[in-house]
Amino acid sequence: MTATVSRDPDPAARTMRGRRREWTAVLGLLRAAESGRPGTLLVEGEPGTGKSLLMDQAVREAASRGLITVAGRAREFGSPAPAEPLLAAFGERSPPEPWIERLRSALDRRARVGPVLVALDDLQWADPDTFAALEPLASRRTRHAVAWLLVRCTGAGPDAAARLFDRRERDGAERRRLGPIGDDAATEIAIDLLGAVPDAALLASAAEAGGNPFLITELLTGLRDEGAIRVSGGRARLSSARLPDRVRTGVARRVGGLSPRTRHLLTVSAVLGRSFCPEDVAEILGTTPAALVPGLEELLEAGLLAAAPAVLRFRHELIRRVVVETVPPPVRQALHRQIGELLAGREDSVASAAAHLIRGVRPGDARALARLDEVIAFVLPRSPRNAATLAMHALELTGPAEPARPERTLTAVRALTATDRLDEAARLARAAFDRPMPAPACARLHCVLAEILSLRGRDDEAAEEASAALAEPGLPGGLRDDAELALLNANAGSGTRERAQAIVSSKGEHGDALVAGAFITLALTEWDAGRLTSGLALAEEAVRRAVAADTRRVHPRLVLAMLLTDAQRHDTARTVMTSAGDDTLGPLAWSAAPAVLAARAHLAAGRFHEAIAAAETCLSSAGGPRLLVASARSVLVTASLRAGNVGAAHEHTAAHRTARAAPGYPHTALALAAAQVTEAREGAERLAGDFGALCEQVLRHRWTLVADPAAAAWLVRTAPAVDARPAAEAVVTAVERLAADNPAFPAIRAAADHARGLLDGSPAALGRAAADHLDPWARASATEDLAVLVAADEETAEARRRAVAAFDTALSAYETMEAVRDAARVRRRLRRLGVRRRHWSSTDRPVSGWASLTDTERAVSELVAQGLTNRQVADQLFMSAHTVAFHLRHVFRKLNIGSRVELARLTLQRSA
């Protein structure tokens, strides 16, 4: 589709873009004069903002309205006679004294004929006599209609014009400052000039003019005339980033009037950046801030700089770029290096230091590269992204045979790993093995590669790399510890627990980081075996041992918080993570850990939509350890299912099936969630071939029964449909053993009662579970199971009353959690007992639009939008197909649509 634009060749109209407020003030001044009322409008702004054009437009508009116009302009390099701007405007020659009376008489003569507009421009250059005449003339009270339009340029010339404006404003004059124009006005200028819609790159280039209409016009005109803009299909595209010559010439002319000392100051400031501290410029120049004051004042007066609360800044990036590009490249490179070294030692200037150092170091400059190595070491723990950029640049400047090459390669690999650029880091590490390197450097590289492979879930390969590091001869103790830790983190082979036990049993032979890692390995082993108290104690010991160690590869607080979350001790887990701080997470790949823990906490509290949002935050990153990814996806599937969005839950399980499997518990939890989705979509019978294997997997990784207090109950509830009572009995035995072995964890006792109550049909056990579950969804599920059991086993009126009361309790809990599918199932069960409960809340709703839909109508809409038939929707929401059709008719009427396709489109737009 070709864009159609109109092109306005009038430069005045073009520059007036975005000046509607100021033009409204001009029209107000003219209307007042037409009505016989005098007035004054003060207009000021920096060069190029359109002040003169505004005045010229005002004079033309006044003439078209029949006003008498008197216009003049002061000269930058002085006037040939006193009060020359006023005298020339009134057509008077330079008279002998008293010349002010001559001007007053000239004004009165015109005013007696009709309303007068007196417009004076560039008053910043006016001589003292002009101000001496303006004071009595503009402030004089008269019965004639005289409108005064006074214009000055800020940041140039003496302060007399500013003082005049201040006095006139105090006397009631209206004051308007022409600031930068907005993005829309800049786009309109571009369309006017180019006859086409500018692309993003062109608009970004225009934005460097800082909203100055003159600079925008000069830039775009220059780019167009020099062939740097290509226009096709109604679009204008930037094809070259080079600044046009007319912009360079204009800036050179503007800067040329500065003193040599000030131009030097301007150059250094421009290389320093868009904004800067005077102290930094003084340090670079080897002087004091006080010595810079005259030059800085000159730059402020010239409108090149502006003062911000803590820094000075260039008003226009365009001007700064021109100044920087005029510096000879060798000089510019030396300045960048000096500035980078100055800023590198500051916590708050890491990004700026990195940008300057990249521009300032030359290939083969051993001294500068050594300094860059120091800077990278400082930057890496504080800003890994900047460190990675610097490290790769340093490596590019280092020759293949230079002795520093292996160490810089290792630094670059570590920095890339810390920023989650794992594939790039692995390629760089493997390529480095093709060149000879000292054994310690080779071992360290193997260790880092093992860490990368562990993050990618390739534990066998990670173990091979760690073993290769241990095989290097003559490793110092600290490096051997790193290799041992890499081997532990790979968690490969049956001897992992024994190796960890040997490490913690040795007295003082290993560093704290390795010992902490060994305790974590033991903690996870104990937890997976169901020995929870021991697992928590070992994790807490890992935290204590890691106090003085680098924990970026062992994450003891993260592991402890994860175990506490499993045990439903969410407040304590949150405290552990808060005390940890961001710096304990190490590589960026682990940065999603807090989001995963938050997602699990939301799920356990019945806040399903918050759980989905937090899990999606984790999964939004491209990489990340498989343990975190699997945990986040497990939460996403479970929360989506409990929120009633079975289609979304199925999509998330499909993504899981195409991903690389996570080891141990995370994979088991995800497999369990996927099975629950299959049961919800296709019925429990569909699980017949896989149910036994799923139960065996859960029994092998009992962590799952701890982390999900409803897991055992679901397995027992599903077993009859697939004729798998022995598997259900094994699950109940396992969860009861967990409860007996871990009496300090009431959540597991409740899970055991829930499973036993379902297996044996025991109202007492289900009642205990309904009372003791900490998880609100599990509590509601146990209450519903109790109601089903009571309603089926006893047919007395009292039993019916108890069943209805239990169903109502479960229904209320489900509705509070917005578990719409579970609530619908309970309503169906109540209907079978002859009790009907409303499907919607009684809140006030509009009569049409999305907000008018009830909760049930929304649920029906979302399922229909996923492509489900009325029968499939009915099965999901536990209602009849006729009821679904009834709700769908209401939805169509309220949304004013007539088809399922339109409903799907509206629902997707709403979701987006």
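Structural data are supplied above this passage.
The paragraphs below set out a description of the structure included in this document. (Residues numbered from 1 in each chain as written. Predicted model: local features only at pLDDT ≥ 70, side-chain atom pairs only at ≥ 80, totals over all residues. Heavy atoms only, no water.)

1. Some remarks on the overall build of the protein
Point 1. When you go through the protein residue by residue, the secondary structure sums to 47 helices and 11 strands.
Point 2. For the protein, buried positions account for 53% of its 912 residues.
Point 3. The long-range share in the protein, meaning contacts at least 24 apart out of those at least 6 apart in sequence, stands at 65%.
Point 4. Of the roughly 40,300 Å² of accessible surface on the protein, 52% is carried by carbon and sulfur atoms. (Helix = DSSP H or I, 4+ residues; strand = E, 2+ residues; numbered from the N terminus. Buried < 20%, exposed > 50% of the residue type's maximum accessible area, 1.4 Å probe, protein only. Contact = heavy atoms within 4.5 Å. Areas by Shrake-Rupley, 256 points an atom, 1.4 Å probe, with all protein chains shown as cover.)

2. Thoughts on the side chain of Asp122
Point 1. Structurally, Asp122 can be placed in the loop between β3 (116–121) and α6 (128–139).
Point 2. The residues contacting Asp122, other than those within four sequence positions of it, are Arg73, Ala74 and Val151.

3. Topic: the pattern of salt bridges
Point 1. Following the criterion strictly, the structure yields 52 salt bridges and no others.
Point 2. Across the pair Arg421 and Glu424 runs a salt bridge, and its minimum N-O distance is 3.0 Å.
Point 3. When salt bridges that share partners are traced, they join Glu44, Arg152, Asp166, Glu169 and Arg175 into one network. (Salt bridge = Lys/Arg side-chain N within 4 Å of Asp/Glu carboxyl O.)

4. Quick word on the nonpolar core
Point 1. Counting residues in each nonpolar core, the largest one holds 104 residues, and the members touching the most others are Ile216, Leu266, Leu372 and Val413.
Point 2. Excluding anything up to four places from it in sequence, Leu372 contacts Leu357, Val361, Leu390 and Ala394.
Point 3. Counting residues in each nonpolar core, the second largest holds 101 residues, with Leu514, Leu558, Leu564 and Val835 among its members. (Core = buried A, V, L, I, M, F, W, Y, C linked by side-chain atoms within 4.5 Å.)

5. Some points on the sheet that holds strand β7 (residues 229–232)
Point 1. The 3 strands lie next to each other as β6-β8-β7, forming an open sheet whose pairing is mixed. Looking at strand neighbours, the two that pair on one side only are β6 (197–198) and β7, the edges of this open sheet.
Point 2. In the packing of helix α9 (residues 200–207) onto the sheet, the strands contacted are β6, β7 and β8 (235–238), and the crossing angle to β8 comes to about 65 degrees. (Pairing = 2+ DSSP bridges. Axes fitted to C-alpha atoms, helices over the stretch in contact; angles between N-to-C directions.)

6. Remarks on the packing of aromatic side chains
Point 1. Counted under the stated rule, the structure contains 3 aromatic pairs.
Point 2. On the numbers, 6.1 Å between centres and 55 degrees between planes, the contact of Phe276 with Phe314 is tilted. Of this pair, Phe276 sits in strand β9 (residues 275–276) while Phe314 sits in strand β11 (residues 312–314), and the two are 38 residues apart along the sequence. Both residues of the pair, Phe276 and Phe314, count as buried.
Point 3. Looking at Arg152, its charged tip hangs above the ring of Phe165, at a distance of 5.5 Å from the centre.
Point 4. Positioned over the ring face of Trp777 is Arg642, at 3.9 Å from the centre of the ring. (Phe/Tyr/Trp six-rings, centres within 6.5 Å; stacked < 30°, edge-to-face > 60°. Lys NZ or Arg CZ within 6 Å of the ring centre and 35° of its normal.)

7. Focus: the packing of helix α28 (residues 556–566) against helix α30 (residues 593–604)
Point 1. Interaxial distance between α28 and α30 falls to 10 Å at its minimum, and their mutual angle equals 10 degrees. Overall, the two elements α28 and α30 adopt an arrangement that is roughly parallel. Counting all contacts with α28, which are made through Leu558, Ala561, Met562, Thr565 and Asp566, the residues of α30 involved are Ala593, Leu597 and Arg600.
Point 2. Its residues placed into classes, the contact of α28 with α30 shows 5 nonpolar, 1 polar and 2 charged. (Parallel < 35°, antiparallel > 145°, perpendicular 65-115°, else oblique. Nonpolar A, V, L, I, M, F, W, Y, C, P; charged D, E, K, R; others polar.)

8. Observations regarding unusual backbone geometry
Point 1. A positive phi angle, close to 55 degrees, is found at Asp122, a residue other than glycine.
Point 2. Its relative accessible area of 17% is what places Asp122 among the buried residues.
Point 3. Residues other than glycine seldom take positive phi values, yet Asp723 does so here, at roughly 55 degrees.
Point 4. Tracing the backbone shows Asp723 in the loop between α37 (711–718) and α38 (725–741).

9. Considerations on helix α11 (residues 245–256)
Three or four residues apart is the spacing at which side chains of an α-helix point the same way, because the helix has 3.6 residues per turn.
Point 1. Between its terminal C-alpha atoms α11 stretches 16 Å, which fits the 16 Å expected from 12 residues at 1.5 Å a residue.
Point 2. Within α11, burial applies to Val247, Val251 and Val255. Looking straight down α11, one finds its buried side chains confined to an arc of 60 degrees; they lie on one side.
Point 3. Next to the buried residues of α11 lie α10 (213–225), α12 (260–272) and α15 (317–325). (Expected span 1.5 Å × (residues − 1). Arc of directions from axis to C-beta.)

10. Observations concerning the sheet that holds β3
Point 1. The strand order β2-β3-β4-β1-β5 describes an open sheet built from 5 strands, whose pairing is parallel. Looking at strand neighbours, the two that pair on one side only are β2 (68–73) and β5 (174–178), the edges of this open sheet. Direction aside, the axes of adjacent strands within the sheet are offset by 15 degrees on average.
Point 2. Alignment of β3 against strand β4 (residues 146–153), held across 5 bridges, turns out to be parallel. Across the sheet, residue Ala119 finds its bridge partner in β4, namely Leu149.

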